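Read off the chains here:
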Amino acid sequence: MIFGLQMAFWGLNGFFNWVTIPPSPPVIEKFVEACIETRFIMPTTKVIEIVSGLLLVLGIAVNLNLMLFAPIIFVITFLHLLHNPKPWGVVVPITLPFAVVIGFHLPALFAGNF
């Protein structure tokens, strides 16, 4: 539930800019700017974060929503691990809750219960 709220919040923040994101290393900034400039990748990602996050909070299609989050979390995690000299401020609050939720739902994911 907390992970779903967190992702819905950051998805909404992508549209309303409530919280200013601190600057990242130049490589990450270039990647984010490229995603914004496409006018497709970033809005799509933010909509997935909002909708899937709220559905997780409501307990609807949990495994499907976790599968939708997997590539987003993968990109965030490894982008920061590879290009951020201090990645833990981003990786821990995003990746750790996702890993915990995945851990609880892993048997159902392998069983194909979406």
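Reading the values: the criteria
- Residues numbered from 1 in each chain as written.
- Predicted model: local features only at pLDDT ≥ 70, side-chain atom pairs only at ≥ 80, totals over all residues.
- Heavy atoms only, no water.
- Helix = DSSP H or I, 4+ residues; strand = E, 2+ residues; numbered from the N terminus.
- Rg over C-alpha atoms; globule rule 2.2 N^0.38 Å.
- Core = buried A, V, L, I, M, F, W, Y, C linked by side-chain atoms within 4.5 Å.
- Buried < 20%, exposed > 50% of the residue type's maximum accessible area, 1.4 Å probe, protein only.
- Contact = heavy atoms within 4.5 Å.
- Expected span 1.5 Å × (residues − 1).
- Bend = angle between axes of the 7 residues up to and from the residue.

Caption draft 1: Quick look at the overall build of the protein chain. Check the secondary structure of the protein chain and you find five helices and zero strands. Starting at the N terminus and walking to the C terminus, you meet the elements of the protein chain as α-α-α-α-α. Taking 13 Å as the expected radius of gyration for a compact globule of 114 residues, we find that the protein chain reaches 14 Å, a close match to that expectation. Projected onto its principal axes, the C-alpha positions of the protein chain cover 40 × 25 × 20 Å.

Caption draft 2: Summary view of the nonpolar core. Counting 13 residues, the largest nonpolar core has Phe3, Met7, Leu56, Leu66, Phe69, Ile73 and Phe98 as the members making the most contacts within it. Of all the elements in the fold, those that place two or more residues in this core are helix 1 (2–16), helix 4 (62–83) and helix 5 (88–111). Once residues within four sequence positions are removed from consideration, Leu56 is found in contact with Phe3, Gly4, Val62, Asn65, Leu66 and Phe69.

Caption draft 3: Fine view of helix 4. Relative to the 32 Å expected for 22 residues at 1.5 Å per residue, helix 4 spans 31 Å between its end C-alpha atoms, a close match to the ideal helical length. Within helix 4, the axis deviates most sharply at Phe69, by approximately 30°, and proline Pro71 lies no more than four positions further along. Of the positions making up helix 4, those classed as buried are Val62, Asn63, Asn65, Leu66, Phe69, Ile72, Ile73, Thr77, Leu79 and His80. In the core, the buried residues of helix 4 are packed alongside helix 1, helix 2 (26–37), helix 3 (41–58) and helix 5.

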